Amino acid sequence: MFSKDNKASIGIALAYLSFIVGAGFTTGQELLQFFVNHGNYGYIAAIITGIIVTFGTRQISKLGYRVDADSYDISLNNLFGNIMGKIIDFLIIFFLFGLTVVMVAGGGSALNQGFDIPIWIGSLAIVILLFVVLQLKFDKILAVLGTVTPFLVIAVLIIAGTNIINPTISFSEVSQHIEPSKASSPFWWWDAIIYGGLIIGNSFSFLTIVGNDANNHKIAGRGAYFGGLAFSVLLLIMVAGLLANIGNANKVDIPTLLLANDIHPIIGILMSLVMFAVIFNSCIGMLYPFLNRFTSPGSKAYVLLLAVSLILAYQLAIPTRPLTPAQ
């Protein structure tokens, strides 16, 4: 039987995993750049990244609880001091809203790729869903985030697992099919560190609030720890699956969708839905801390800022859409 603390920690871990795994991870494109095109060194790189993410995000969540960070800037000021904290705060504000715009555009693209739905409709759908969900209480928002995680895990296990069991490229032949020019840098160990830093940077603002919301210090740390371990396992499995089919993966923009459709069209549909859901969760992880930075959740100012932010994000996202006949 799980204790109440363990149940709460697992709840945090499910929510954590669903927003920390971004669109680049689920499409496989980030993994090609940071891991796969380094060949079999990608396995070691994935393990290093997993260690960085697991222990780094655990400390962020614990810090959020310790300093009672109902807004991420409190943690920043405790870490860096008031002056440097404010500078980083301004950068994060720009970063959070900018990524929200990108994700709104990405949500439309995901539905377009999977179901041939016009991108403006897909982007509008994600904006409407965000407006509804972000008015829920924080524990309900975490519950919504957590519902996506089982489907994400199932999709990864099916797609990557199938390719690991039935590889088109053997372990010894991987080095013959890599494209070093597509790697983020020439050094696999550097890309492992950078990717771990990117994950920590992306999750800092939301995870401090998650830690603050935990019932005690142990739950705050353990929830992020469980989430980090789960992320590490999924990362390693995805890297292995892509390496097993690296020849095909390097030819397309969304390798996981290609691999899914190669297994069965229904798996492709599942992957498209998972990508949309992960993008939606990433939007929550970016937009909630942004709103929380300036307003109190549930207040009229919060709802007004939410509406204005979503309208502006949608308008900015429209010009970033790729031009396709489906539009």
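Up top you'll find the structure we're talking about.
Residues numbered from 1 in each chain as written. Predicted model: local features only at pLDDT ≥ 70, side-chain atom pairs only at ≥ 80, totals over all residues. Heavy atoms only, no water.

Here we come to the overall build of the protein chain. A count of helices and strands for the protein chain gives 14 helices and zero strands. Ordering the α and β elements of the protein chain from the N terminus gives α-α-α-α-α-α-α-α-α-α-α-α-α-α. Over its C-alpha trace the protein chain gives a radius of gyration of 19 Å, about what one expects of a compact globule, namely 20 Å for 327 residues. Dimensions of the protein chain, computed from the C-alpha atoms along their principal axes, are close to 55 × 45 × 45 Å. Counting every position in the protein chain, which comprises 327 residues, the buried fraction comes to 51%. The contacts of the protein chain with a sequence gap of at least 6 include a subset with a gap of at least 24, amounting to 82%. Put simply, the protein chain shows about 14,500 Å² of open surface, and 69% of that area lies on carbon and sulfur atoms. (Helix = DSSP H or I, 4+ residues; strand = E, 2+ residues; numbered from the N terminus. Rg over C-alpha atoms; globule rule 2.2 N^0.38 Å. Buried < 20%, exposed > 50% of the residue type's maximum accessible area, 1.4 Å probe, protein only. Contact = heavy atoms within 4.5 Å. Areas by Shrake-Rupley, 256 points an atom, 1.4 Å probe, with all protein chains shown as cover.)

A word on the nonpolar core. When a protein is soluble and globular, its nonpolar side chains tend to lie buried together. The biggest cluster of nonpolar side chains holds 92 residues, and the ones touching the most others in it are F25, L31, F35, L134 and F231. Contact partners of F231, with chain neighbours within four places excluded, come to L17, I20, V21, F25, T49, V53, Y195 and I199. (Core = buried A, V, L, I, M, F, W, Y, C linked by side-chain atoms within 4.5 Å.)

Turning our attention to the packing of aromatic side chains. One pass over the full model with this rule turns up 15 aromatic pairs. An angle of 55 degrees between the planes, with centres 5.8 Å apart, marks the rings of F138 and F206 as tilted. Taken together, the residues F138 in helix α8 (residues 138-165) and F206 in helix α9 (residues 188-213) connect sequence positions 68 residues apart. One exposure class covers both F138 and F206, and it is buried. (Phe/Tyr/Trp six-rings, centres within 6.5 Å; stacked < 30°, edge-to-face > 60°.)

Now for the packing of helix α4 (residues 41-66) against α9. For the pair α4 and α9, interaxial distance at closest approach is 8 Å and the crossing angle is 25 degrees. When the axis of α4 is compared with that of α9, the two are roughly parallel. Between α4 and α9 the crossing geometry is right-handed. For the contact of α4 with α9, the residue count by class is 16 nonpolar, ten polar and no charged. (Axes fitted to C-alpha atoms, helices over the stretch in contact; angles between N-to-C directions. Parallel < 35°, antiparallel > 145°, perpendicular 65-115°, else oblique. Left-handed = near helix turned anticlockwise from the far one by under 90°. Nonpolar A, V, L, I, M, F, W, Y, C, P; charged D, E, K, R; others polar.)

The next subject is the environment of F94. Mapped onto the elements of the fold, F94 is located in helix α6 (residues 82-115). Residues F94 and F290, 196 residues apart in the sequence, show an inter-C-alpha distance of 9.1 Å.

This paragraph deals with the pattern of salt bridges. With the rule as written, the count across this model stands at three salt bridges. The shortest N-O distance in the salt bridge between D89 and R293 comes to 2.6 Å. Here R293 lies in helix α13 (residues 265-294) and D89 lies in helix α6, a separation of 204 residues in the sequence. K182 is paired through a salt bridge with E179; the nearest N and O atoms lie 3.5 Å apart. E179 sits in the partly exposed class, given a relative accessible area of 30%. Linked through salt bridges whose partners overlap, the residues forming this network are D73, D89 and R293. (Salt bridge = Lys/Arg side-chain N within 4 Å of Asp/Glu carboxyl O.)

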